[in-house]
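Residues per chain are reported as follows:
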Amino acid sequence: MAYKITLKKRVIKALSNINEPYYSNIKQNLYSLADNPRPQGYKKLKGRDSYRIRVGDYRIIYDIFDDELVVDVIDLGHRKDIYE
């Protein structure tokens, strides 16, 4: 059962500013969330109902809505900037 991936505008903007080889890896991991929204290495964030996965030096933060089969990607950024 595949989930639907939704991206916020700031995620699309951040993705357009990322260079190769990170761009391809991040894009591949974003699409793989549709098949498995809880991949190996994912973590639940403290203080909110969001999850994160690591892709190199970048982090993808997202929410999972199991009842609607939706993965809502909230933020994307470098590890030093993402949690601020």
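Everything below is about the structure shown above.
Residues numbered from 1 in each chain as written. Predicted model: local features only at pLDDT ≥ 70, side-chain atom pairs only at ≥ 80, totals over all residues. Heavy atoms only, no water.

1. Concerning the environment of Arg48
Turning to step 1, where the next piece is worked out: If you trace the backbone, Arg48 turns up in the loop between β2 (43-44) and β3 (51-55).
Turning to step 2, where the next piece is worked out: Linking Arg48 and Val70, residues 22 residues apart in sequence, is a C-alpha distance of 17 Å. (Helix = DSSP H or I, 4+ residues; strand = E, 2+ residues; numbered from the N terminus.)

2. Comments concerning the nonpolar core
Turning to step 1, where the next piece is worked out: Membership of the largest hydrophobic core comes to 17 residues, with the highest contact counts inside it found for Ile26, Leu30, Ile60, Tyr62, Val73 and Leu76.
Turning to step 2, where the next piece is worked out: The set of elements that each furnish at least two residues to this core consists of α1 (9-16), α2 (22-32), β3, β4 (58-65) and β5 (70-78).
Turning to step 3, where the next piece is worked out: Counting residues per element, this core draws most heavily on β4, at four residues.
Turning to step 4, where the next piece is worked out: Once you skip the residues sitting within four places of it in the chain, Leu30 turns out to touch Ile5, Leu7, Leu15, Ile60 and Val73. (Core = buried A, V, L, I, M, F, W, Y, C linked by side-chain atoms within 4.5 Å. Buried < 20%, exposed > 50% of the residue type's maximum accessible area, 1.4 Å probe, protein only. Contact = heavy atoms within 4.5 Å.)

3. Re the sheet that holds β5
Turning to step 1, where the next piece is worked out: Strand order in the open sheet made by the five strands is β1-β5-β4-β3-β2, with mixed pairing throughout. The open sheet has two edge strands, β1 (4-7) and β2, and neither has a second partner.
Turning to step 2, where the next piece is worked out: Pairing of β3 with β4 involves five bridges; the strand directions are antiparallel. Across the sheet, residue Arg52 finds its bridge partner in β4, namely Ile61.
Turning to step 3, where the next piece is worked out: Where α1 meets the sheet, it contacts β1 and β5, and its direction lies at approximately 45° from that of β5.
Turning to step 4, where the next piece is worked out: Together, β1, β3, β4 and β5 form the strand contacts of α2, whose direction differs from that of β4 by roughly 15°. (Pairing = 2+ DSSP bridges. Axes fitted to C-alpha atoms, helices over the stretch in contact; angles between N-to-C directions.)

4. What about the packing of aromatic side chains?
Turning to step 1, where the next piece is worked out: In this structure the tally under the stated criterion is three aromatic pairs.
Turning to step 2, where the next piece is worked out: Their ring planes at 50° and their centres at 5.6 Å tell us that Tyr42 and Tyr51 sit as a pair that is tilted.
Turning to step 3, where the next piece is worked out: A residue is classified by how much of its surface remains accessible, and Tyr42, at 31% relative accessible area, is partly exposed.
Turning to step 4, where the next piece is worked out: Residue classification places Tyr51 among the buried residues on the basis of a relative accessible area of 15%.
Turning to step 5, where the next piece is worked out: Connected via pairs of aromatic rings, a cluster forms that spans Tyr42, Tyr51 and Tyr62.
Turning to step 6, where the next piece is worked out: Here the basic side chain of Arg38 rests over the ring of Tyr51, its NZ or CZ set 5.9 Å away from the ring centre. (Phe/Tyr/Trp six-rings, centres within 6.5 Å; stacked < 30°, edge-to-face > 60°. Lys NZ or Arg CZ within 6 Å of the ring centre and 35° of its normal.)

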